[in-house]
Amino acid sequence: MKCIIAEDEAVAARRMQKLLEENDIEVLRVCKSIIQIKSAVEEIGEPDLYFFDIHLSDGIVFEVFELCTLKSPVIFTTAFDQYAIKAFKQNSVDYLLKPIDRTELKNALNKYKAHHGIQTTPDLGALSQMIFNQISNSQFKERFRIKIGDRLRSVQTKDIILFYSKDKINYLATENNRSYPLDLSLDELSISLDPNMFFRISRSAIVNIEFIENVISYTNSRLKIEIAGFDHEELIVARDRVKKFKEWLG
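Everything numeric here is computed off the predicted structure, so don't read it as measured data.

Thresholds, definitions, all that
- Residues numbered from 1 in each chain as written.
- Predicted model: local features only at pLDDT ≥ 70, side-chain atom pairs only at ≥ 80, totals over all residues.
- Heavy atoms only, no water.
- Pairing = 2+ DSSP bridges.
- Helix = DSSP H or I, 4+ residues; strand = E, 2+ residues; numbered from the N terminus.
- Axes fitted to C-alpha atoms, helices over the stretch in contact; angles between N-to-C directions.
- Contact = heavy atoms within 4.5 Å.
- Expected span 1.5 Å × (residues − 1).
- Buried < 20%, exposed > 50% of the residue type's maximum accessible area, 1.4 Å probe, protein only.
- Arc of directions from axis to C-beta.
- Salt bridge = Lys/Arg side-chain N within 4 Å of Asp/Glu carboxyl O.

K.L.:
So what exactly am I meant to see when it comes to the pairing of strand 8 (residues 143-148) here?
P.N.:
With 6 bridges connecting them, strand 8 and strand 9 (residues 151-156) associate as antiparallel partners. Looking at strand 9, one finds that R145 is bridged to S154. Counting the residues between successive antiparallel strands, the hairpin from strand 8 to strand 9 contains 2 residues, one of them, G149, with a positive phi of roughly 65 degrees.

K.L.:
What is the right way to look at the sheet that holds strand 7 (residues 94-97) in this model?
P.N.:
The strands that make up a sheet pair up through hydrogen bonds in the backbone, lying either parallel or antiparallel. Taken in spatial order, the 5 strands make up an open sheet running 2-1-3-6-7, and their pairing is parallel. The sheet is open, and its two borders are formed by strand 2 (26-31) and strand 7, each paired with just one other strand. Here the average twist between neighbouring strands, direction ignored, is 20 degrees. Relative to strand 2, strand 1 (residues 2-6) runs parallel, the two sharing 5 bridges. Each residue of the ladder has a partner; that of I5, found in strand 2, is V30. Docked against the sheet, helix 1 (residues 10-22) engages strand 1, strand 2, strand 3 (49-53) and strand 6 (74-78), running at close to 165 degrees with respect to strand 1. Along the sheet, helix 2 (residues 34-44) contacts strand 1, strand 2 and strand 3; its crossing angle with strand 2, the most-contacted strand, is approximately 140 degrees.

K.L.:
Please clarify how helix 1 should be interpreted in this entry.
P.N.:
Every α-helical turn comprises 3.6 residues, leaving residues that sit three or four positions apart pointing alike. The end-to-end C-alpha separation of helix 1 is 18 Å, in line with the 18 Å expected for 13 residues at 1.5 Å each. Here helix 1 has its buried residues at A13, M16, L19 and L20. Seen end-on, helix 1 carries its buried residues on one side only, within an arc spanning 130 degrees. The exposed set on the far side of helix 1, more than 90 degrees from its buried face, consists of V11 and R14. As for helix 1, its buried residues are in contact with strand 1, strand 2, strand 3, strand 6 and helix 5 (102-114).

K.L.:
What's the story with the pattern of salt bridges in this structure? I'm lost.
P.N.:
One side chain can pair with another of opposite charge once the charged atoms of both are near each other. Under the criterion given, the structure shown has 9 salt bridges. Here E22 makes a salt bridge to K18, at a shortest N to O gap of 2.8 Å. Of the two residues, E22 and K18 both sit in helix 1, 4 residues apart, roughly one turn of that helix. Here the salt bridges do not stand alone but share partners, grouping K18, E22 and R102 into one network.

Structure follows, in structure tokens:
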């Protein structure tokens with residue numbers, strides 16, 4: 001049996017590959033993004049089975065179904081249990097919660113083998129809408145705690161101009177051109193922020209719409225953003241995010 005993994009966390013990807021190889025499954029490709037999934041299918045064809053993390057660096061994995069037609073079954077994996085396990089199972093798509101349990105993985109593989117050759121088409125549009133609704137209805141983070149010297153301070157989310165990564169450290173930035181380190185990853189931040197206010201323009205930055213001063217055409221069909229009160233890093237919208245960014249701007 002051959003599979004493709006979509007997982008943007010290196011440690012989780014290595015563990016998943018090891019578990020699958022223990023079950024005599026060959027991993028053809030490990031993809032970190034939606035675009036890489038599309039490229040993999042175009043280059044090597046479809047595998048017998050996909051293992052997709054739901055939240056990837058460039059968006060929710062369901063977006064890949066808008067880019068290409070995938071006919072092989074999918075087993076979803078994620079660290080976020082709010083994505084309603086039952087809904088996935090009812091749609092004939094199995095779902096594994098991280099960290100992946102060996103027994104749960106074996107059960108999912110047995111389910112695949114039992115239904116091998118039977119065409120099952122989950123309502124991916126409905127699943128995408130379900131996730132969007134759950135994120136929209138959740139309580140978005142209203143404040144973040146930062147450390148200034150020996151003191152702790154609370155910063156209102158609405159006053160944060162952007163979040164960004166530099167040298168493997170994640171920061172939040174405020175209007176006074178100050179940046180403060182955070183323990184949260186940008187993936188975790190993407191889930192906890194109001195998508196009407198914040199947009200992840202690349203793997204390394206999430207911007208607040210209220211502080212965007214200018215959007216300028218940039219090389220390779222990308223965009224450059226100028227944020228009021230921030231000059232530490234260039235803020236470039238990744239090419240594969242440009243269309244959605246324009247839609248987000250309205």
